[in-house]
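Structure at a glance
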Amino acid sequence: QALEAAQPMQTQATLNALASVRGSLSELPAKAAPANALAPVAGERSRLREILAQFVRISSDETSPALAARNDALTRTLAAVDLRTAEAMLFARDQEGFVGAVDRARKGIQSAFDGDNEAVRKAVATLDKLAATPLAPALPELGTALGELRNLRTTRALSRPLAPPIGDGVSP
């Protein structure tokens, strides 16, 4: 009963779920590039900004489309590697390693992909569910049960009648 109540994770179902998330990585939409919050508003002038602009130039590499495409591909690859690591930890029955790999994949997906998209929310929900499910059930406490079995065996042994000794020298 205790083993049934623990509900261990089914290996094939977990592998299928990880493969499904890994397969959907190529279809997940990337987050939109953040608008430059430091850009001056039209008509707004600041003497400090003008003075600093003479010495400091602020630019973002994220505006380069080639670099953004490489970052997107790298992010998808890293998430896929984390999902493969989770599969390996599943086979090794390493709970900490599995949860860590699933958590890294979830964080990568959340940080790089559009959180308002249904596919992204579904992938994150699947990973959260997998991380919360134990790989192996907690073992039931057997110490008291084994002690009771020993007591029962001793009681039965003591309740049997003693056999008469063999060869005591008395003949019938």
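**Remarks on the overall build of the protein**
Within the protein one finds seven helices and zero strands. Overall, the protein shows an N-to-C arrangement of helices and strands of α-α-α-α-α-α-α. For the protein, the proportion of its 172 residues judged to be buried stands at 19%. The contacts of the protein with a sequence gap of at least 6 include a subset with a gap of at least 24, amounting to 78%. Here the protein has roughly 13100 Å² of accessible surface; of this, 58% comes from carbon and sulfur atoms.

**Brief notes about the packing of helix 5 (residues 95-112) against helix 6 (residues 118-132)**
Two numbers describe how helix 5 lies on helix 6: the axes approach to 9 Å, and their chain directions differ by 165°. Our classification of the angle between helix 5 and helix 6 gives roughly antiparallel. Considering how the two elements wind past one another, helix 5 and helix 6 form a crossing that is left-handed. Contact residues: helix 5 offers Gln 95, Phe 98, Val 99, Val 102, Ala 105, Arg 106, Ile 109 and Gln 110, while helix 6 offers Val 120, Val 124, Leu 127, Asp 128, Leu 130 and Ala 131.

**Overview of the pattern of salt bridges**
Under the defined criterion, the tally for this structure stands at eight salt bridges. Asp 103 is the salt-bridge partner of Arg 106, the closest N and O atoms lying 2.4 Å from each other. Of this pair, Arg 106 and Asp 103 both sit in helix 5, three residues apart, which is roughly one turn of that helix. By relative accessible area, which is 18% here, Arg 106 ends up buried.

**Examining the nonpolar core**
Leu 18, Leu 25, Leu 83, Phe 98, Ile 109, Phe 113 and Leu 127 are the most contacted members of the largest nonpolar core, which has 24 residues in total. By residue number, the principal contributor to this core is helix 5, which donates six residues. Dropping the residues within four chain positions of it, Ile 109 is found in contact with Val 21, Leu 25, Leu 28, Ala 79, Val 120, Val 124 and Leu 127.

**A closer look at the confidence of the model for the protein**
A residue-level look at the protein finds 72% of positions with pLDDT of 70 or above and a mean pLDDT of 79. By mean pLDDT, helix 1 (residues 2-6) is the weakest element of the protein at 52, and helix 6 is the strongest at 93.

**Structural notes on the packing of helix 2 (residues 11-24) against helix 6**
It is the contact of helix 2 with helix 6, at a shortest axis distance of 10 Å, that shows an interaxial angle of 150°. For the element pair helix 2 / helix 6, the angle class is roughly antiparallel. Judged by the sense of rotation from one axis to the other, the crossing of helix 2 with helix 6 is left-handed. Listed contacts from helix 6 to Thr 14, Ala 17, Leu 18 and Val 21 of helix 2 are Ala 123, Thr 126, Leu 127 and Leu 130. Grouping the amino acids of the contact of helix 2 with helix 6 by side-chain chemistry returns six nonpolar, two polar and no charged.

**Quick notes on the side chain of Arg 76**
Along the chain, Arg 76 falls in helix 4 (residues 65-92). According to the relative accessible area criterion, Arg 76 is buried, its value standing at 16%. A polar contact of 2.7 Å, which involves the side chain of Arg 76, links it to the backbone oxygen of Leu 28. Sequence-distant contacts of Arg 76, that is, excluding residues within four places in its chain, are made with Leu 25, Ser 26, Glu 27, Leu 28, Ala 30 and Phe 113.

**Structural notes on the environment of Asp 82**
Within the secondary structure, Asp 82 sits in helix 4. On the accessibility criterion, Asp 82 (15% relative accessible area) is buried. Through-space distance from the C-alpha of Asp 82 to that of Phe 98 is 9.4 Å; in sequence the pair is 16 residues apart.

The rules behind the values
Residues numbered from 1 in each chain as written. Predicted model: local features only at pLDDT ≥ 70, side-chain atom pairs only at ≥ 80, totals over all residues. Heavy atoms only, no water. Helix = DSSP H or I, 4+ residues; strand = E, 2+ residues; numbered from the N terminus. Buried < 20%, exposed > 50% of the residue type's maximum accessible area, 1.4 Å probe, protein only. Contact = heavy atoms within 4.5 Å. Areas by Shrake-Rupley, 256 points an atom, 1.4 Å probe, with all protein chains shown as cover. Axes fitted to C-alpha atoms, helices over the stretch in contact; angles between N-to-C directions. Parallel < 35°, antiparallel > 145°, perpendicular 65-115°, else oblique. Left-handed = near helix turned anticlockwise from the far one by under 90°. Salt bridge = Lys/Arg side-chain N within 4 Å of Asp/Glu carboxyl O. Core = buried A, V, L, I, M, F, W, Y, C linked by side-chain atoms within 4.5 Å. pLDDT = per-residue confidence, 0-100. Nonpolar A, V, L, I, M, F, W, Y, C, P; charged D, E, K, R; others polar. Polar contact = N/O pair within 3.5 Å; in protein donor to acceptor, adjacent residues only side chain to side chain.

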